[in-house]
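Observations on the model geometry
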Amino acid sequence: QAGGSLAAVGDADGTITLMQLCDGLTKMAPNEKNLLGSMFDREFKREKNLEAIKKLAGNKKEDAEGGKGREPVAIDQNDYQAREKSFFADVGMTGDDLGTRIG
């Protein structure tokens, strides 16, 4: 539908149900596009930080082993937590329960 307020949902038995969606799902809130964009940017930066930690840990291990063979990368918990706190401080978020846990 052009207005986008109706959705047809089907199941494995062949039953189709027509549902009317609420305004919160069909009408964009003010500044919603900018908020979603900033959320994706924040998560992209976070992913880059995690990749940098893994790469750094991998390089340290290769130097110690002489560059032979690849084994799973172990992430230093303290380094990880420090980078997570730095990331959340950069984006203006606070709290000890933010972020993911390792292990």
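Everything here concerns the structure above.
Cut-offs and rules
Residues numbered from 1 in each chain as written. Predicted model: local features only at pLDDT ≥ 70, side-chain atom pairs only at ≥ 80, totals over all residues. Heavy atoms only, no water. Helix = DSSP H or I, 4+ residues; strand = E, 2+ residues; numbered from the N terminus. Buried < 20%, exposed > 50% of the residue type's maximum accessible area, 1.4 Å probe, protein only. Contact = heavy atoms within 4.5 Å. Areas by Shrake-Rupley, 256 points an atom, 1.4 Å probe, with all protein chains shown as cover. Salt bridge = Lys/Arg side-chain N within 4 Å of Asp/Glu carboxyl O. Pairing = 2+ DSSP bridges.

A count of helices and strands for the chain gives 3 helices and 2 strands. Across the 103 residues of the chain, 7% fall into the buried class. By sequence separation, contacts in the chain at least 24 residues apart represent 34% of the contacts at least 6 residues apart. For the chain, the accessible surface area stands at approximately 8400 Å², while carbon and sulfur atoms represent 54% of it.

Let us look at unusual backbone geometry. Phi angles above zero are rare outside glycine, and Asn31 is one such case at about 70 degrees. Mapped onto the elements, Asn31 comes out in the loop between helix H1 (23-26) and helix H2 (32-65). According to the relative accessible area criterion, Asn31 is partly exposed, its value standing at 45%.

On to the pattern of salt bridges. Counted by the stated rule, this structure contains 4 salt bridges. In this structure, Lys27 engages Asp23 in a salt bridge whose closest nitrogen and oxygen atoms are separated by 3.6 Å. With its nearest N and O atoms 3.8 Å apart, the salt bridge here joins Glu43 to Arg46. With Glu43 and Arg46 both in helix H2 and 3 residues apart, the pair spans about one turn of that helix.

For the rest of this paragraph, the subject is the pairing of strand S2 (residues 16-20). Taken across its 5 residues, S2 has 0 buried, putting it largely on the surface. Where strand S1 (residues 6-10) and S2 come together, 5 bridges link them in antiparallel fashion. If you follow Gly10 over to S2, its bridge partner there is Ile16. Between S1 and S2, which pair antiparallel and follow one another directly, the connecting turn spans 5 residues, one of which, Gly14, has a positive phi of 95 degrees.

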